[in-house]
Amino acid sequence: MDVTEGGVTVEVPEESGGGEGAASGVFFNPTQELNRDVTVAALAAYREREPRAESYLDAMAASGIRGARAAANGWDATLADLDADAVELARENLARNTLDGEVVERDANSLLHDHDRVFDVVDIDPFGSPIPFADAAFANARNLVCVTATDTAPLCGAHFESGVRKYSAVPRNTEYHAEMGLRVLLSALARTAARYDVGVTPILSHVSDHYVRTYLDLSHRATDANEAVEELGYVYHCQQCLHREHEYGLLADAPETCAHCGGPQVLTAGPLWLGPAHDREFVAAVHEQIPDDAGSAKRARKLLRTIEGELHEPTHFDQHRVYKQLSEPAIGMDEFLAQLRDAGLAATRTHFGGTTFKTDGTLADVEDAIA
Ligand SMILES: C[S@@+](CC[C@H](N)C(=O)[O-])C[C@H]1O[C@@H](n2cnc3c(N)ncnc32)[C@H](O)[C@@H]1O
Ligand SMILES: [Zn+2]
C-alpha cells in the first residue's frame, strides 16, 4: 500500500498487517500522521533556532516515513532500524523519492554510542517506553532529542508498578492523567540527561491519541543540567476533592491533610517535571511551519495554538469535574474562563481535553470565582 505524507510517497504494510513482501512485517501507524507532521514542522522551526543543526537520526525508522520526510525537508538524514525488512523497505522508500540519506541496520543504542558519528537531532520513536534509549540519546546527541512514548498506562499511573520501575518516579492516576504521564516522562528524561552533564529544555510537548511526544533542546553544560534538576518536584493530590499543590525539590514533604477539604488522603506524585513543558515562541514558530496541505494541518494548528496559550502550571483541572463536585451544571468554556479572569485569575484552555483548563489559582480560588 502506498501512503503520501508531506510530499513523500512511501510503501507501507496494509493496516491489517496483510500483504506480501518486505513491507508486510514492518510497522506503520497511519494515526501518527499528526505526530509526523508536527515533527517535520518542529524540525524546520528548530533549524531557525539553531542554524548549525544539519544531521537527523531517525533511530527507529520502520518504513522510513519519518526520516524520508526529514530528508525531503533538507536534513542530512540517517535512518536506522534493528529489523532487516524495515531497513530494506526504508532504503526502497528513500530511493523511490530520489532522496539522499543513509539507511543502516543497527541497534539504536550501538549507533548512538558509535564515536565515528555525531547527530545534531536524534528522534526516538520506539514501541512503548523510550527509556532503554534515553541514556545513549542524551550522552551523544548534539542539539535536540525528540521522544515518543506510547506506554501511557505506566506513565500516568494506571500501571503503577511498571511506571515506578521504568521511570523511577511515583505516578498517580489523577483526572489530569495525561499531563501526569508527560511530567513523569520529562522528569525521567531530565534526570537521565543530567547524568551526562546535559541540561534539557522542553520546547514542545503534547499528548495526543494515547502517546506522549516531547522535543528537548540540549545544553552541554553542567550548570544547565543543575537548572533542569531544579525544575523537578512533587505534586500533592487530594483524593477526596480536586485540590492539588506542588513543591520544587527532590525531597518530598507532603501535607498530612488536604488544605482544601481537610481530608487525610493526600497522594504524593513525583519527582515530576514541574517546569515549562513548552517554549511559547518555539510553538508559534512550529505553527507557522505547518503547511496548508499537511494531512493533519487543521488538527496540528489547533493543537499548537492551544499549547502556545497554555499557562506553565504543572497540573490542570477539568471544568466538568469542578462543577460535578459542586453539584452544579457545567457552563460553556469561554464563559467559564471569562469568569475566572474577571476574578483576577490567569486561566487558559489546555490541549489535554476540550473542558480542561489551567489557572494560577487554587481550587478554592476557582470555586470563589464561579460562585
Ligand atoms: C514504532 S516503530 C517506528 C515508527 C516510525 N518511526 C514511524 O514514524 O512510522 C518502532 C521501530 O523500532 C524498531 N526497533 C526496535 N528496537 C530497536 C532498536 N534497539 N534499535 C533500532 N530500532 C529498533 C522496530 O523494528 C520498529 O521498526
Ligand atoms: Zn481535599
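Given the structure is predicted, the values throughout are model-derived calculations rather than measurements. (Residues numbered from 1 in each chain as written. Chains lettered and ligands numbered in written order. Predicted model: local features only at pLDDT ≥ 70, side-chain atom pairs only at ≥ 80, totals over all residues. Heavy atoms only, no water.)

Asker: Help me understand the sheet that holds strand β15 (residues 356-359), please; the structure alone is not making it clear to me.
Answerer: What holds strands together in a sheet is hydrogen bonding between their backbones, with the strands either parallel or antiparallel. Strand order in the open sheet formed by three strands is β13-β15-β14, with antiparallel pairing between adjacent strands. Since the sheet does not close on itself, it has two edges, and those belong to β13 (317-318) and β14 (347-349), each with one partner. Where β13 and β15 come together, two bridges link them in antiparallel fashion. Directly across from D318, in β15, lies its bridge partner T356. Contacts from helix α13 (residues 333-342) reach β14 and β15, with the element oriented near 160 degrees to β14. (Pairing = 2+ DSSP bridges. Helix = DSSP H or I, 4+ residues; strand = E, 2+ residues; numbered from the N terminus. Contact = heavy atoms within 4.5 Å. Axes fitted to C-alpha atoms, helices over the stretch in contact; angles between N-to-C directions.)

Asker: Looking at this structure, I do not really get the domain arrangement of the protein. What am I missing?
Answerer: In many reports, interface size means the accessible area that the parts give up when they come together. Domain assignment breaks the protein into domain 1 (2-309) and domain 2 (317-370). Distance from the C-alpha centre of domain 1 to the C-alpha centre of domain 2: 29 Å. The partner domain 2 presents 13 residues to the 18 residues of domain 1 that form the contact. Counting the surface lost from both domain 1 and domain 2, the interface buries some 1,200 Å², and carbon and sulfur atoms represent 65% of this. (Domains from an automatic or database assignment. Buried area = accessible area lost by both parts, 1.4 Å probe.)

Asker: Just to check I follow, could you spell out the coordination of the zinc ion (ligand 2) for this structure?
Answerer: Put simply, a metal with four donors set out as a tetrahedron has ideal angles of 109.5 degrees, and one with six donors set out as an octahedron has ideal angles of 90 or 180 degrees. The zinc ion (ligand 2) binds to the protein through C238 (SG), C241 (SG), C258 (SG) and C261 (SG), with metal-donor distances spanning 2.2 to 2.3 Å. Its four donor atoms give the zinc ion (ligand 2) angles of 105 to 117 degrees at the centre, a pattern that matches the tetrahedral case. (Donors = N, O, S within 2.8 Å, 3.2 Å for Na, K, Ca; no water. Tetrahedral: all angles 85-135°; square planar, octahedral: opposite > 155°, others 65-115°.)

Asker: What exactly am I supposed to notice about the side chain of H278 here?
Answerer: In this fold, H278 is placed in the loop between β12 (266-273) and α10 (280-288). On the accessibility criterion, H278 (5% relative accessible area) is buried. At 3.1 Å, the side chain of H278 and the backbone oxygen of I307 are in polar contact. (Buried < 20%, exposed > 50% of the residue type's maximum accessible area, 1.4 Å probe, protein only. Polar contact = N/O pair within 3.5 Å; in protein donor to acceptor, adjacent residues only side chain to side chain.)

Asker: Quick question: what am I supposed to make of the environment of C261 here?
Answerer: Mapped onto the fold, C261 is located in the loop between β11 (244-248) and β12. Take C261: its relative accessible area is 37%, and that puts it in the partly exposed class. Setting aside chain neighbours within four positions, we find C261 in contact with C238, Q240 and C241.

Asker: Which parts of the structure should I look at to understand the pattern of salt bridges?
Answerer: When the charged atoms of two side chains lie near each other, side chains of opposite charge can form a pair. According to the stated counting rule, one finds 22 salt bridges in the structure shown. Two residues, E5 and R36, come together in a salt bridge whose shortest N-O distance is 2.9 Å. With E5 in strand β1 (residues 2-5) and R36 in helix α1 (residues 33-49), this pair connects stretches of sequence that are 31 residues apart. The pair E5 / R36 is uniform in exposure class, with both members buried. Residue R305 pairs with E308 through a salt bridge whose shortest N-O separation is 2.5 Å. (Salt bridge = Lys/Arg side-chain N within 4 Å of Asp/Glu carboxyl O.)

Asker: Would you mind going over the site of ligand 1 with me for this structure?
Answerer: Close contacts around ligand 1 come from 18 residues, with M60, D81, D107, A108 and D125 the closest. A distance of 3.4 Å is found between an oxygen atom of ligand 1 and a side-chain nitrogen or oxygen belonging to R36. Between ligand 1 and A108, the relevant distance is 2.9 Å, taken from a nitrogen atom to a main-chain nitrogen or oxygen of the residue. Within the complex, the protein chains bury 89% of what would otherwise be the 610 Å² of accessible surface of ligand 1. (Near = heavy atom within 4 Å. Areas by Shrake-Rupley, 256 points an atom, 1.4 Å probe, with all protein chains shown as cover.)

Asker: Help me out: how do you make sense of helix α2 (residues 65-72) in this one?
Answerer: Given 3.6 residues per turn, any residue in an α-helix points the same way as the ones three and four places further on. Burial analysis of α2 places seven of its eight residues in the buried class, the great majority of the element. Buried residues of α2: I65, R66, G67, A68, R69, A70 and A71, and no others. Looking one or two residues past α2, G74 carries a phi angle of roughly 90 degrees, positive in sign.

Asker: It is not clear to me how the pairing of β11 should be interpreted in this structure. Could you clarify?
Answerer: Both faces of the sheet carry side chains from a regular strand, because those side chains alternate between them. Bridge analysis of strand β10 (residues 232-238) against β11 gives five bridges, and the strand direction is antiparallel. Bridge pairing in β11 links Y234 to E247. Between β10 and β11, which pair antiparallel and follow one another directly, the connecting turn spans five residues.

Asker: Looking at this model, I keep getting lost on the packing of aromatic side chains. Mind explaining?
Answerer: Applying the stated criterion across every chain yields a total of four aromatic pairs. Centre to centre, the rings of F27 and F127 are 5.2 Å apart; their planes meet at 75 degrees, and the pair counts as edge-to-face. Highlighted residues: F27 in the loop between β2 (8-11) and α1 and F127 in the loop between β6 (121-124) and α5 (131-140), separated in sequence by 100 residues. Centre to centre, the rings of F336 and F357 are 4.8 Å apart; their planes meet at 70 degrees, and the pair counts as edge-to-face. Taken together, the residues span a long stretch of sequence, with F336 in helix α13 and F357 in strand β15 at a distance of 21 residues. For the residue pair F336 and F357, the accessibility class agrees, reading buried in each case. An aromatic cluster of three or more residues is present, and its members are F317, Y323, F336 and F357. One residue, R244, lies across the ring of F317, its end atom 3.8 Å from the ring centre. (Phe/Tyr/Trp six-rings, centres within 6.5 Å; stacked < 30°, edge-to-face > 60°. Lys NZ or Arg CZ within 6 Å of the ring centre and 35° of its normal.)

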